[in-house]
Amino acid sequence: MLEKALKGSKRYYGWITVLLAVIGIGFGFYLWQLRFGLGITGMSRDVTWGFYIAQFTFLVGVAASAVMLVLPYYLHHYKAFGRITILGEFLAVASVSMCILFIFVDLGQPMRVLNVLLYPTPNSILFWDMIVLNGYLLLNIVIGWKVLEAERNAVPPPGWIKPLIYLSIPWAVSIHTVTAFLYCGLPGRGFWLTAILAPRFLASAFASGPSLLILLCLIVRKLTKFDPGKEQIQSLAKIVAYAISINVFFFLCEVFVVFYSNIPEHMDHFKYLFVGLHGHGVLVPWMWASLVLMAVSILLLVVPSTRQNESILAIACVTVFAGTWIDKGLGMISGGFVPSPLHHVNEYVPTLPELLIALGVWATGFFILTVLFKIAVTVKEEVAGVAS
Amino acid sequence: MKRSRRSFLQLAGVSALGLGLKPAAGLFAASGGHGRAPGEKVLKSEKALKAKQWAMVIDTRKFESAEDLEPLIEVCHKIHNVPSMKDKRHEIKWIWEEEFEHAFPTQELRFLPERIAQLPFLTLCNHCEHPPCVRACPTKATFKREDGIVLMDFHRCIGCRFCMAACPYGSRSFNFRDPRPFIEEINPDYPTRMKGVVEKCNFCAERLAVGRMPACVEASNGAITFGDLEDPESEVRALLRENYTIRRKQALGTGPAIYYIV
Amino acid sequence: MNNTKTLYDGGKVITGLVIFVILVTLPFWYNHGKAAPEPQPQLTAKAKAEKACVRPKSIMKATHMQILNGWRNNVVRNARRIWETADGKRFNMSLSKTCLDCHSNKEKFCDTCHNYAAVAPYCWDCHIDKVKEAKE
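Since the model is a prediction, treat every value here as computed from it, not as a measurement. (Residues numbered from 1 in each chain as written. Chains lettered and ligands numbered in written order. Predicted model: local features only at pLDDT ≥ 70, side-chain atom pairs only at ≥ 80, totals over all residues. Heavy atoms only, no water.)

S.K.: Help me understand the overall build of chain A in this model?
M.R.: When helices and strands are counted, chain A shows 14 helices and 0 strands. Along chain A, from the amino end to the carboxyl end, the secondary structure elements read α-α-α-α-α-α-α-α-α-α-α-α-α-α. Taking 2.2 N^0.38 as the reference for a compact globule, 388 residues should give roughly 21 Å; the C-alpha atoms of chain A span a radius of gyration of 21 Å, in line with that estimate. Its C-alpha atoms give chain A principal-axis dimensions of about 70 × 50 × 40 Å. (Helix = DSSP H or I, 4+ residues; strand = E, 2+ residues; numbered from the N terminus. Rg over C-alpha atoms; globule rule 2.2 N^0.38 Å.)

See the structure below:
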């Protein structure tokens, strides 16, 4: 089916060219980072994880969200989602690929990465993250590909794929749980040291991923002859509405615990993020913007009349995606490092090369996404053509 | 040629995989090699100092100002080829000074005696009894040795910096760039590091191996005592019996092996 | 879907593959018959006087990297720093202080073979290769 990705319109090839150019620029800067070291980034002795790991964290969420299509379709036989599960699975493939790349570009000695396999260390959460991420990638490639192939050939998918599909459901939950465990099991980091982190990650995942999927569905409908369907989009919108509300609820739970208990090591990070600490507060406007975006999106999504209007729904999805991206892709990681465990306030701001490398990884993800969606949509168009 | 493109590609793929597997398997096998021929031995020096859990007692009463600490820091950084980075973000330090409020941020800070408020405290890796960094490391590049020292294997570190996120004491530094140009005078008896690996205090493992005390202990004029925490007869245990000591962030359960008499 | 057992454009595919193989193996064809001279690592006077290394010369030639790997694991991870040979001679397991003490001519000893074999071990990124000069 890969050949489907080779035949496309001028616009398709134009988009692919743009992505390849961005990937090229990012790769060039990565080569520089490889030579010089991670010193070209904004990271420091106090803030040792930055933009890369934050993007990884956010994208694990986007990846996990495929389960929001798979679960209703396969466990509850919600037939409507059968039409678009493939889009969710392929979105997961692209997102997990980005996750793995973001971890890779963050390594100080990338050529030694196989040490993780050579010296397996089950007490390290990173070891488990490696397993769940690669496993999830493999599951979604195999499932997505086989199911799509079966659809193309108008035959039922092979029997052995069913157990894999069921396995992929808890597996999706595991990737974000394990990713949260990376942070929430560390004794000296008050910001992350909370059991709500994994649930909160999952809630924001099930908001950000499906909201991106809605936007992608709207684009697919506009650009191709395949219509993902009004009902499908509305069902997704309800999922986003619940998830983003739960996400904000979890956040408020955390705020209550942190400020009512009045424990400084936990409060300081929130103060840094939302009002600034000792005169440092580079993220303050961002964090408030994130809250406002999420609040607005809840309003737009919960009220039926706005949710059912697809133009407004698109805006709501953009606000969900932007709000959760700021929350996880900017605040979540550096917020945990500032102030430092010794209570020094050294802020983190990504550098231009760092941002370009990150952009290159995003472009790689969108390249994978474009190719996979092109294949899926072309097959869907063909099948529809044969049927009519 | 009656063969579909698909089966042709599948065959080609499987063949390529097979060809690639052989060297990969060799690579895995080669890495384990401790290989010793019959009769060959690896030994510890008879002079090596031994303990169940090395620990340090720092008598801060014996320090008066930052000037008293500087020689200790200098000797450590000099013998271990610790670079002095110009950019503070890339700073590397094994042992350094902190004000009380930073060394002990969870301790009472408001009504400190003047001496303590003004006294800089020595901070270094705590060589914890339950080190969170060792728990976090995905390659066992940082590990706890039999004698309690939390050590770095620079050969194995992949530079993921999970250990730095895990350390509640800010004791670890990362080589954001090649450190060599920033070492004023290279000590030929100790290696430098390369870019992309994490480093920290090693309790002078290389000196203990030849029967010498850690460099900072030697340079401290008796203000720092070093010994076996598990040996009731040791000097550190005697000091702990006689003095009230504090440790950094004890509530976290890491079991720091650096004790401070204040 | 048609599932005929034909390799479409078989001719083009095979031609493409042949061109690919030729391109990939080009360095071999290019260098064919122009063998570089065999490297001649030189021993210092001190190394010559010692006569024996930590293991017989032929074994050292082929497996010094495995020995060094074992050494570093023993020194760093097991706190064992002394190597005793089969005939009871003892060495400090140190690349800079033991190996390079005899083979103080890294350029003419280590590098000649490493360059010939086009390997670039990064030992020297950390381990100091000019111990004596650094000391002066």
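S.K.: Where do I start with unusual backbone geometry in this structure?
M.R.: Here A:Val338 and A:Pro339 are connected by a cis peptide whose omega angle stands at -5°. Looking at where A:Pro339 falls in the secondary structure, it is placed in the loop between helix 13 (310-337) and helix 14 (352-387). With a phi angle near 55°, C:Ala118 is a residue other than glycine that sits in the positive phi range. Tracing the sequence through the fold places C:Ala118 in the loop between helix 6 (107-116) and helix 7 (131-135).

S.K.: Which parts of the structure should I look at to understand the pairing of strand 9 (residues 224-228) of chain B?
M.R.: Regular strands place side chains that alternate from one sheet face to the opposite one. Residue and element names in this part refer to chain B. By the criterion of burial, strand 9 is predominantly enclosed, with 5 of the 5 residues buried. By the bridge criterion, 5 bridges tie strand 2 (residues 54-59) to strand 9 in an arrangement that is antiparallel. For Met-56, the partnering residue across the bridge sits in strand 9 and is Phe-226. (Buried < 20%, exposed > 50% of the residue type's maximum accessible area, 1.4 Å probe, protein only. Pairing = 2+ DSSP bridges.)

S.K.: Would you take a moment to explain the sheet that holds strand 2 of chain B for this structure?
M.R.: Note: strands within a sheet are paired through backbone hydrogen bonds, in either parallel or antiparallel orientation. All names here are of chain B. Taking strand neighbours across the sheet as the criterion, the 4 strands line up as 9-2-11-10 in an open arrangement whose pairing is mixed. Looking at which strands have only one partner, the edges of the open sheet turn out to be strand 9 and strand 10 (245-246). Sitting on the sheet, helix 9 (residues 235-242) is in contact with strand 2, strand 9, strand 10 and strand 11 (258-261), with an inclination near 115° to strand 9. (Contact = heavy atoms within 4.5 Å. Axes fitted to C-alpha atoms, helices over the stretch in contact; angles between N-to-C directions.)

S.K.: Mind showing me how you'd approach the interface of chain A and chain B here?
M.R.: Interface size is commonly expressed as the accessible surface area that is lost when the partners come together. The interface of chain A with chain B comprises 43 residues on the first partner and 51 residues on the second. Summed over both partners, the interface of chain A with chain B comes to about 4000 Å²; 55% of that surface belongs to carbon and sulfur atoms. In terms of surface lost to chain B, no three residues of chain A exceed A:Arg45, A:Arg112 and A:Leu342, which account for 20% of the buried area on that side. Remark: the boundary between chain A and chain B carries 1 salt bridge. Among the ionic pairs, B:Arg161 bridges to A:Asp106, the shortest N-O distance being 2.6 Å. Inspection of the chain A/chain B interface yields 33 residue pairs in polar contact (both at pLDDT 80 or more). If you list the elements that add at least two residues to the side of chain A that touches chain B, you get helix 1 (10-36), helix 5 (115-118) and helix 6 (125-152) of chain A. It is helix 6 of chain A that provides the largest number of residues to the side of chain A that touches chain B, a total of 4 residues. Counted by class, the side of chain A that touches chain B contains 20 nonpolar, 16 polar and 7 charged residues. (Buried area = accessible area lost by both parts, 1.4 Å probe. Salt bridge = Lys/Arg side-chain N within 4 Å of Asp/Glu carboxyl O. Polar contact = N/O pair within 3.5 Å; in protein donor to acceptor, adjacent residues only side chain to side chain. Nonpolar A, V, L, I, M, F, W, Y, C, P; charged D, E, K, R; others polar.)

S.K.: Sorry if this is basic, but what is going on with the pattern of salt bridges here?
M.R.: One side chain can pair with another of opposite charge once the charged atoms of both are near each other. Evaluated as defined, the whole model comprises 27 salt bridges over all chains. With its nearest N and O atoms 2.7 Å apart, the salt bridge here joins C:Asp101 to C:Lys46. Here C:Lys46 lies in helix 3 (residues 45-50) and C:Asp101 lies in helix 5 (residues 95-102), a separation of 55 residues in the sequence. A relative accessible area of 28% places C:Asp101 in the partly exposed class. Classification of C:Lys46 by relative accessible area gives partly exposed; the value is 38%. Each member of the salt-bridge network shares a partner with another, and the members are A:Glu3, A:Lys4, A:Arg152 and A:Glu382.

S.K.: Could you clarify how one ought to interpret the sheet that holds strand 1 (residues 82-84) of chain C in this entry?
M.R.: Strand order in this open sheet of 3 strands is 1(B)-1(C)-2(C), and the pairing throughout is antiparallel. Both outer strands of the open sheet, strand 1 (41-43) of chain B together with strand 2 (90-92) of chain C, are each paired with one neighbouring strand and no more. Between one strand axis and the next, the sheet turns by 25° as a mean value, whatever way the strands run. Relative to strand 2 of chain C, strand 1 of chain C runs antiparallel, the two being bridged by 3 bridges.

S.K.: Whenever I open this one, the confidence of the model for chain C confuses me. Can you help?
M.R.: When pLDDT is low, close inspection of the predicted coordinates is not appropriate. Residues with a pLDDT of 70 or more make up 92% of chain C, whose mean pLDDT is 85. Reported confidences for the modelled complex are a pTM of 0.91 and an ipTM of 0.91. (pLDDT = per-residue confidence, 0-100.)

S.K.: What is the right way to look at the environment of A:Gly335 in this model?
M.R.: Residue and element names in this part refer to chain A. Relative to the helices and strands, Gly-335 is located in helix 13. In the structure, Gly-335 is positioned 12 residues away from Glu-347 in sequence and 9.2 Å away in space, judged by C-alpha atoms. Other than its neighbours up to four places away in sequence, Gly-335 contacts Phe-191, His-269 and Leu-273.

S.K.: What exactly am I supposed to notice about the nonpolar core here?
M.R.: Most often, soluble globular proteins have nonpolar side chains that are buried together. Ranked by size, the top nonpolar core spans 152 residues in total, and within it A:Phe56, A:Leu87, A:Phe102, A:Tyr183 and A:Ile214 carry the most contacts. The dominant element in this core, judged by the number of residues it contributes, is helix 8 (residues 197-223) of chain A, at 15 residues. When neighbours within four sequence positions are excluded, A:Phe56 is seen to be in contact with A:Cys99, A:Phe102, A:Ile103, A:Asp129, A:Leu133, A:Thr179, A:Leu182 and A:Tyr183. Listed in part, the 41 residues of the second largest apolar core include B:Leu72, B:Phe104, B:Leu119 and B:Ile258. (Core = buried A, V, L, I, M, F, W, Y, C linked by side-chain atoms within 4.5 Å.)

S.K.: Whenever I open this one, the packing of helix 2 (residues 51-64) of chain A against helix 7 (residues 161-184) of chain A confuses me. Can you help?
M.R.: If you want to describe how two helices pack, look at the angle between their axes and the distance between the axes. Residues and elements named next belong to chain A. Where helix 2 contacts helix 7, the axes come no closer than 8 Å and their chain directions differ by 155°. In terms of axis orientation, helix 2 runs roughly antiparallel to helix 7. The interaxial crossing formed by helix 2 with helix 7 has left-handed handedness. In contact with Ile-53, Phe-56, Thr-57, Val-60, Gly-61, Ala-63 and Ala-64 of helix 2, helix 7 contributes Ala-172, Ile-175, His-176, Thr-179, Leu-182 and Tyr-183. When grouped by side-chain class, the residues that make up the contact of helix 2 with helix 7 number 9 nonpolar, 4 polar and no charged. (Parallel < 35°, antiparallel > 145°, perpendicular 65-115°, else oblique. Left-handed = near helix turned anticlockwise from the far one by under 90°.)

S.K.: Where do I start with the packing of aromatic side chains in this structure?
M.R.: In this description, a pair of aromatic rings is defined by centroid distance and the angle of the planes. In total, this model carries 32 aromatic pairs over all chains according to the counting rule given. Measuring from ring centre to ring centre gives 6.0 Å for A:Phe249 and A:Phe250, while their planes differ by 45°; the resulting arrangement is tilted. Overall, the relative accessible area of 49% leaves A:Phe249 in the partly exposed class. Between A:Phe251 and A:Phe270, the aromatic rings sit 6.2 Å apart at their centres with planes inclined by 45°, giving tilted as the arrangement. Residue A:Phe251 is found in helix 9 (residues 230-261), and its partner A:Phe270 is found in helix 10 (residues 264-274); the two are separated by 19 residues along the sequence. A:Phe270 carries the same exposure label as A:Phe251, and that label is buried. The residue whose ring lies beneath A:Arg45 is B:Trp96, and the NZ or CZ to ring-centre distance is 5.1 Å. Taking the ring centre of A:Phe201 as reference, the NZ or CZ of A:Lys328 above it sits at 5.0 Å. (Phe/Tyr/Trp six-rings, centres within 6.5 Å; stacked < 30°, edge-to-face > 60°. Lys NZ or Arg CZ within 6 Å of the ring centre and 35° of its normal.)

S.K.: Would you explain the side chain of B:Arg193 in this entry?
M.R.: By the secondary structure assignment, B:Arg193 is in the loop between strand 7 (173-174) and strand 8 (198-199). At a separation of 3.1 Å, a polar atom in the side chain of B:Arg193 contacts the main-chain carbonyl oxygen of B:Pro191. If we skip the residues at most four places from it in the chain, B:Arg193 touches B:His80, B:Asn81, B:Val82, B:Trp94, B:Phe154, B:Asn175, B:Asp178, B:Pro179, B:Glu199, C:Asp125 and C:Cys126.

S.K.: Is there a simple way to think about the pairing of strand 11 of chain B in this case?
M.R.: All names here are of chain B. Across the two faces of strand 11 the burial is the same, with Ile-258 and Tyr-260 and Tyr-259 and Ile-261 all buried. One ladder, built from 4 bridges, connects strand 2 with strand 11; its direction is parallel. Counted as the bridge partner of Val-57 is Tyr-259 from strand 11.

S.K.: Hey, could you run me through the packing of helix 2 of chain A against helix 6 of chain A in this one?
M.R.: All names here are of chain A. Contact pair helix 2 / helix 6: the axes reach a minimum separation of 12 Å and the direction vectors enclose 40°. It follows from the interaxial angle that helix 2 and helix 6 lie oblique. As helix 2 packs across helix 6, the resulting crossing turns out to be left-handed. Packed against helix 2, whose contacting residues are Phe-56, Val-60, Ala-63 and Ala-64, the element helix 6 presents Asp-129, Leu-133 and Tyr-136 at the interface.

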